[in-house]
Amino acid sequence: MKDDSLKPPLAGVIYGEIVYWGLLISCVVVIVGSVLSFLGNSYVPVSYWLSTIWKGESVAEIWKGAVGALPNGHWYLDHLSKGDALTAFGISLGVFPVIPGLLLCGLTLLKEKEILYGLLAIGCGIIVIIGLLGLVPAT
Amino acid sequence: MVTSVPELSILILLIVGGYLVMGFASKVQGTEILSPTDIWLIIVGSFLISTAIAILAVIGGIGGGVIFTPIMLGFTSLDSLVIRATGLVVAMFSGLISTGPFMRSKLANIKVVIYCGFPITVGAILGSVAAIRLHNALGLVGDGIVRLSLGMLMIIIAYFLFTGGGKTEYPEPKHIDAFSAKMRLNGSYWEESLGKVVNYHLVRAVPGGIMFIFLGFIAGFFGLGGGAFLTGTLNLVMMAPVKVAAACSGVLLAISNATAIWTYITYGALIAVFAAPWMLGQVVGGILGAHLLISIRASFVRKVLIAILLISCIKLVLRGIEEIFGIDIPII
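One numbering rule holds for all chains: residues counted from 1, following each sequence as written. Chain letters start at A and ligand numbers start at 1, both assigned in the order the entries are written. Local features in a predicted model are, by the rule used here, given only for residues with pLDDT of at least 70; side-chain atom pairs are given and counted only at 80 or more, and totals for whole chains, interfaces and linings are based on all residues.

1. Brief notes about the overall build of chain A
Step number 1: Looking only at helices and strands, chain A has 6 helices and 0 strands in total.
Step number 2: Working definition: helices are DSSP H or I runs of at least four residues, strands are E runs of at least two. Numbering for both runs from the N terminus. Reading chain A from its N end, one meets helices and strands in the order α-α-α-α-α-α.
Step number 3: Here chain A has a C-alpha radius of gyration of 20 Å; the compact-globule value for 139 residues is 14 Å, and the former is much larger.
Step number 4: Principal axes of the C-alpha set define a box for chain A whose edges measure 55 × 35 × 25 Å.
Step number 5: As a rule, residues whose C-beta atom has 12 or fewer other C-beta atoms within 10 Å are exposed, those with 20 or more are buried, and those in between are partly exposed; C-beta atoms are placed from the backbone. Counting over 139 residues, chain A shows a buried share of 47%.
Step number 6: Across chain A, every contact between residues at least 6 apart in sequence was considered, and the portion connecting residues at least 24 apart equals 64%. The size measure is the radius of gyration over C-alpha atoms, and the globule rule it meets is 2.2 Å times the number of residues to the 0.38 power. Each residue gets a C-beta atom placed from its backbone, and two residues are in contact if those atoms lie within 7 Å.

Following this line, the structure appears as structure tokens:
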């Protein structure tokens, strides 16, 4: 028989649920964005994206042919009415819940007097934020 | 399965509806190499393959990227950064979506996840930055180096999967070191296939933690998650039961890839239209795989994955040698 010791810890449940439902919402955004792209409402035509990828063009060549230069940032935020940008936003939205998930998980652990684990969880969240903001330059 | 997870039913309906609209109402123009039908088939085919990969990957305790990235790098001529960025999507989303079920079922241990999560995120961000810098500095030779080293890495991953079978399903450490005891990396879960509670205590927390920095770097650099290494490290080094190791590795690779993928997104290497069906397939397959993992043994799936990895690694090594030395090796 299962007992109370098998009850999952609150911090884990909070992290898991935020990530799970955040990701499901992002999926809806991605589906809407994909459909809009195929209906012709796209920042860059779908056929261009897929053809250039299929030809094996480099990332720099793909973007140069599309808009003249690499985006170097969260380009989709300026074009959210376009299907491909909305799709990119949806994918980012799916990744994003890790940050509030880790931070809230950390705060819950701190509240439960698990100081070290709470701080480690918040530290993880901060590192993901550093990635999001592009604070470690890739070029 | 679908009725017990209503959100999965709704999601599948939305995806199917979306793809039907995209098929019948498409205003996509053809190009010299792809017709509108080809484009639609690529999208739908990607979704279906991604779903299958996710189910196998979650049950096998690895990231889907370990299957996707080597195959795409080995057998297609797509740009390696596009593959690696999409590979991170494939690697992370099945892990992300299985996080909820794993946490609810207590298969994933939050303390283990947090303890290993810190070093792995540090390694992941460094790995992703190194990947783009190497690609820009060395071009085709850089891609060759990536393919060759990834091919050799695959051999090690296959070995990890091979040795991570039956004998280590429920490891029982003889001695718990002082640091691991102090960190209280212990837990328990209900093992459905045994019909009883399994208690465990992880050991070797210091070497395990150090290894996770390296594993994060590999995940970010190659865009494959490295779930097999994560499962192997947790199971073989830190002595977690194989199911706990698989569940924690799913959650961990989602965290590490969520760190690494931002570098690819902001650089422009993640082409959303191409990556979207792979993401959706991972989510649907991830939910299915996570629920199946709770009730079945993973040993058969491991054997299938080992075979796939070995074929991929041979092709990767050959292509890596071709690109580095500018020669043509006449083997398919």
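So much for the structure itself; the text now carries on.
2. Quick look at the nonpolar core
Soluble globular proteins tend to pack their nonpolar side chains together in the buried interior.
Step number 1: The term nonpolar core means buried Ala, Val, Leu, Ile, Met, Phe, Trp, Tyr and Cys residues held together as one set by C-beta atoms within 7 Å. Ranked by size, the top nonpolar core spans 159 residues in total, and within it A:Ile91, B:Met92, B:Ala240, B:Cys248, B:Ala275, B:Met279 and B:Val283 carry the most contacts.
Step number 2: Element by element, the count of residues in this core is highest for helix α5 (residues 110–163) of chain B, at 20 residues.
Step number 3: Every residue in contact with B:Ala240, bar those within four places of it in the chain, is listed here: B:Val112, B:Tyr200, B:Leu202, B:Leu234, B:Asn235, B:Ala245 and B:Cys248.

3. Some words on helix α3 (residues 65–75) of chain B
Step number 1: Most of α3(B) is tucked away: 10 of the 11 residues are buried.
Step number 2: Of the positions making up α3(B), those classed as buried are B:Gly65, B:Val66, B:Ile67, B:Phe68, B:Thr69, B:Pro70, B:Ile71, B:Met72, B:Leu73 and B:Gly74.

4. Some points on the interface of chain B and chain A
Step number 1: The partner chain A presents 66 residues to the 74 residues of chain B that form the contact.
Step number 2: The set of elements that each furnish at least two residues to the side of chain B that touches chain A consists of α1 (6–24), α2 (36–60), α4 (80–105), α5, β1 (186–191), α9 (242–267) and α10 (272–295) of chain B.
Step number 3: No other element matches the 13 residues that α5(B) contributes to the side of chain B that touches chain A.
Step number 4: Residue classes in the side of chain B that touches chain A are distributed as 51 nonpolar, 16 polar and 7 charged. Put simply, Ala, Val, Leu, Ile, Met, Phe, Trp, Tyr, Cys and Pro go in the nonpolar bin, Asp, Glu, Lys and Arg in the charged bin, and everything else, Gly too, in the polar bin.

5. Details of helix α7 (residues 205–222) of chain B
All names here are of chain B.
Step number 1: One less than the residue count of a helix, multiplied by 1.5 Å, gives the span that helix is expected to have. Over its 18 residues, α7 extends 25 Å from the first C-alpha to the last, a length consistent with the 26 Å expected when each residue adds 1.5 Å.
Step number 2: If you check which residues of α7 are buried, you get Ala205, Gly208, Met211, Phe212, Leu215, Gly216, Phe217, Ile218, Ala219, Gly220, Phe221 and Phe222.
Step number 3: Trailing α7 by a residue or two, Gly223 shows a phi angle of about 65 degrees, which is positive.

6. So, the pairing of β1(B)
Both faces of the sheet carry side chains from a regular strand, because those side chains alternate between them.
Step number 1: Whether two strands pair comes down to DSSP finding at least two bridges between them. Of the strand pairs in this sheet, β1(B) and strand β2 (residues 196–201) of chain B are connected by 6 bridges, and their pairing is antiparallel. Paired with B:Asn186 across the bridge in β2(B) is B:His201.

7. Section: unusual backbone geometry
Step number 1: Here A:Lys113, not a glycine, exhibits a phi torsion of approximately 70 degrees, which is positive.
Step number 2: Within the element layout of this structure, A:Lys113 appears in the loop between α5 (98–111) and α6 (115–132).
Step number 3: Of note, the phi angle at B:Lys106 is positive, near 70 degrees, even though the residue is not glycine.
Step number 4: Within the secondary structure, B:Lys106 is located in the loop between α4 and α5.
Step number 5: A tally of 22 C-beta atoms within 10 Å means that B:Lys106 is categorised as buried.

8. A look at the packing of helix α1 (residues 10–38) of chain A against α1(B)
When two helices pack together, their arrangement is captured by the angle between the axes and the distance separating the axes.
Step number 1: Where α1(A) meets α1(B), the closest approach of the two axes is 9 Å, and the angle between their N-to-C directions is 10 degrees. The angle between α1(A) and α1(B) places the two elements in the roughly parallel class. Mapping the contact onto sequence places A:Leu24, A:Cys27, A:Val28, A:Ile31, A:Ser34, A:Val35 and A:Phe38 in α1(A) and B:Glu7, B:Leu11, B:Leu14, B:Ile15, B:Gly18, B:Val21 and B:Met22 in α1(B). Only C-alpha atoms enter the line fits that serve as axes; for helices the fit covers just the stretch in contact. Angles between N-to-C directions range over 0 to 180 degrees. By definition in this entry, angles of less than 35 degrees are roughly parallel, angles greater than 145 are roughly antiparallel, angles of 65 to 115 are roughly perpendicular, and the rest are oblique.

9. A closer look at the environment of B:Cys313
Residue and element names in this part refer to chain B.
Step number 1: One can find Cys313 in helix α11 (residues 299–325).
Step number 2: Owing to 21 C-beta atoms within 10 Å, Cys313 belongs among the buried residues under this scheme.
Step number 3: In the structure, Cys313 is positioned 159 residues away from Met154 in sequence and 5.6 Å away in space, judged by C-alpha atoms.
Step number 4: Each residue touching Cys313, except ones within four places of it in the same chain, is listed here: Pro70, Gly151, Met154 and Ile155.

Purely spatial values, then, with no claim about function.
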